[in-house]
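Residues per chain, in single letters:
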Amino acid sequence: MGVLGHFALSWQALVVLSLRLLFLVPAGVLVRSGESQADNRVLDNITIRQGDTVILRCPQDNVVTHTAWLNRSSILYAGEDKWSVDPRVSLILLNQREYTIKIEKVDVSDEGLYTCAVQTRSSPRTTSVHVIVQVPPKITKVTKDMSVNEGTNVTLMCFANGKPEPTITWRHLSPLAQGPVSEEEYLEIPAITRQRSGMYECNAANEVATDVQKVQVTVNFPPTISDAKDVGVPLGQRGVLQCEAVAVPTADFEWYRDDKRILNGFDGIEVETRGRLSMLTFFNVTEDDYGNYTCVAMNKLGSSNTSIILYVQDGNSGGIAPHPSTCLLIILCVQLLVKL
């Protein structure tokens, strides 16, 4: 082995021994600015986001003879020689004024104390910095979309990881909702009503970023007939009876007259349903069509019904056609007035 080879081995051995005995600061201790001693300098903590690149700079002067970068007890670089096997670690600059390395795609395992150890002609000195790795929130578990009956107790859950630990906020995405409904991992909804159905949003946030997941809550309830009015139609004209019901699942409709169900096409009557609206259409109203009809709305949770009257209407005045006997009485009254 030549003189240069012998010197290189001696230098590596000296670096290992010297750095581990003289330069190391206890691992796992957060450092703060101002904790410096005569030959030991402490830099401000470096806070870096997971996946980013951290730059570690060490100021030097022309009296430096040897220098190295360490992560806790592991040597990353000794001068220009790379000791770390991690491909993410690389040397940026080494001259009389600065010794700088970088670590790419930083992960949580890279967090900790980093020390730049310098040997001068007179004495060793260190420059230390603590790297803090922040991790964006990630929602790891959230309640799946659900369908429940009105009156059921509902619990929604949302778990997330991150560093710093993320804050969980639940919101009801409804025009009537105001502000967050919960600031905890669990959202409790006792005896849920139809007004609290809809989309719920779990928001996990920390200083780094925000993660969002949504849960659809469907509330089932029996039909309630919301709109049904009596209708007047002139003889021989087209008439439509309408029946509207709100329900989840959407209601099915049936029409009856005198306990007899009316089917589509029966006696020229059309039965049509569009969503929550059902219509009974008479294309040519006859005297036999006038009367009382029953609309029944139903789903798996129950049913509701109402009566709707189709009555005769005078085609000219738009009012109810008077009875013949009423017309005769009016004529007699007019004749008596004329004689007087």
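Just above sits the structure.
Positions within a chain are numbered from 1, following the residues in the order the chain's sequence is written. Where totals are concerned, whole chains, interfaces and linings use all residues; where local detail is concerned, this predicted model gives features only for residues with pLDDT of at least 70, and gives and counts side-chain atom pairs only at 80 or more. As a convention, hydrogens and water are excluded, and side-chain values are obtained from all of the structure's heavy atoms.

Colleague: Explain the environment of Leu301 here, please?
Modeller: To qualify as a helix, a DSSP run of H or I must reach at least 4 residues; to qualify as a strand, a run of E must reach at least 2; elements of each kind are numbered from the N terminus. Its place among the elements puts Leu301 in the loop between β23 (291-299) and β24 (302-312). Taking the C-alpha atoms as reference, Leu301 lies 8.8 Å from Val248; in sequence the two are 53 residues apart. Among all residues touching Leu301, those that are not within four sequence positions of it are Asn149, Asn220, Phe221, Pro222 and Val248. Residue contacts are defined here by distance: any two heavy atoms, one from each residue, within 4.5 Å place the two residues in contact.

Colleague: How should the sheet that holds strand β3 (residues 54-59) be read in this particular structure?
Modeller: Pairing between the strands of a sheet comes from backbone hydrogen bonds, and it takes one of two forms, parallel or antiparallel. A pair of strands is labelled paired if DSSP reports no fewer than 2 bridges between them. In spatial order, the strands read β3-β8-β7; together these 3 strands make up an open sheet with antiparallel pairing. Here the strands that pair on one side only, and so sit at the sheet edges, are β3 and β7 (89-94). Geometrically, the sheet is characterised by an average inter-axis angle of 20 degrees between neighbouring strands, direction not taken into account. When β7 meets strand β8 (residues 98-103), the two strands line up antiparallel, connected through 5 bridges. The partner of Val89 across the bridge, within β8, is Ile103. Each axis is a line fitted through C-alpha atoms, and for a helix only the stretch in contact is used; angles between axes span 0 to 180 degrees, taken between their N-to-C directions.

Colleague: I'm lost on a negative patch on the surface in this one. Help?
Modeller: Two distance rules govern patches: like charges are joined within 9 Å, and nonpolar side chains (Val, Leu, Ile, Met, Phe, Trp, Tyr) within 5 Å, applied only to residues with over 30% relative accessible area and no salt bridge. A 1.4 Å probe and the Shrake-Rupley method give the accessible areas. Residues count as covered only by the protein chains that appear here. For this document, the term salt bridge refers to a Lys or Arg side-chain nitrogen within 4 Å of an Asp or Glu carboxyl oxygen. Positive charges are assigned to Lys and Arg, negative charges to Asp and Glu, while His and the chain termini are left out of the count. Charged side chains are reduced to one point each, which is NZ for Lys, CZ for Arg, CG for Asp and CD for Glu. A cluster of acidic side chains, namely Glu165, Glu183, Glu184 and Glu185, defines a negative patch on the protein surface. Relative to the helices and strands, Glu185 is located in the loop between β13 (167-173) and β14 (186-189). Owing to a relative accessible area of 32%, Glu185 belongs among the partly exposed residues under this scheme. Burial here depends on accessible area, computed with a 1.4 Å probe over protein chains only, as a share of the maximum for the residue type. Under 20% is buried, over 50% is exposed, and the range in between is partly exposed.

Colleague: How do you make sense of the packing of aromatic side chains when you look at a structure like this?
Modeller: Both the distance between ring centres and the angle between the ring planes are used here to describe each pair of aromatic rings. Stacked, tilted and edge-to-face pairs are distinguished by plane angle, under 30 degrees for stacked and over 60 for edge-to-face with tilted covering the rest, among Phe, Tyr and Trp rings (Trp via its six-membered ring) whose centres lie within 6.5 Å. Taken as a whole and judged by the stated rule, the model has 2 aromatic pairs. For the ring pair Phe159 and Tyr186, a centre distance of 5.7 Å and an interplane angle of 80 degrees mean the geometry is edge-to-face. With Phe159 in strand β12 (residues 154-163) and Tyr186 in strand β14, the pair connects residues that are 27 residues apart, well separated along the chain. Judged by relative accessible area, Phe159 falls into the partly exposed class, the value being 22%. Measuring from centroid to centroid gives 5.4 Å for Phe282 and Tyr293, while their planes differ by 65 degrees, and the two rings are edge-to-face. With a gap of 11 residues between them, Phe282 in strand β22 (residues 277-282) and Tyr293 in strand β23 connect regions that are remote in the sequence. The same class applies to Phe282 as to Tyr293, namely buried.

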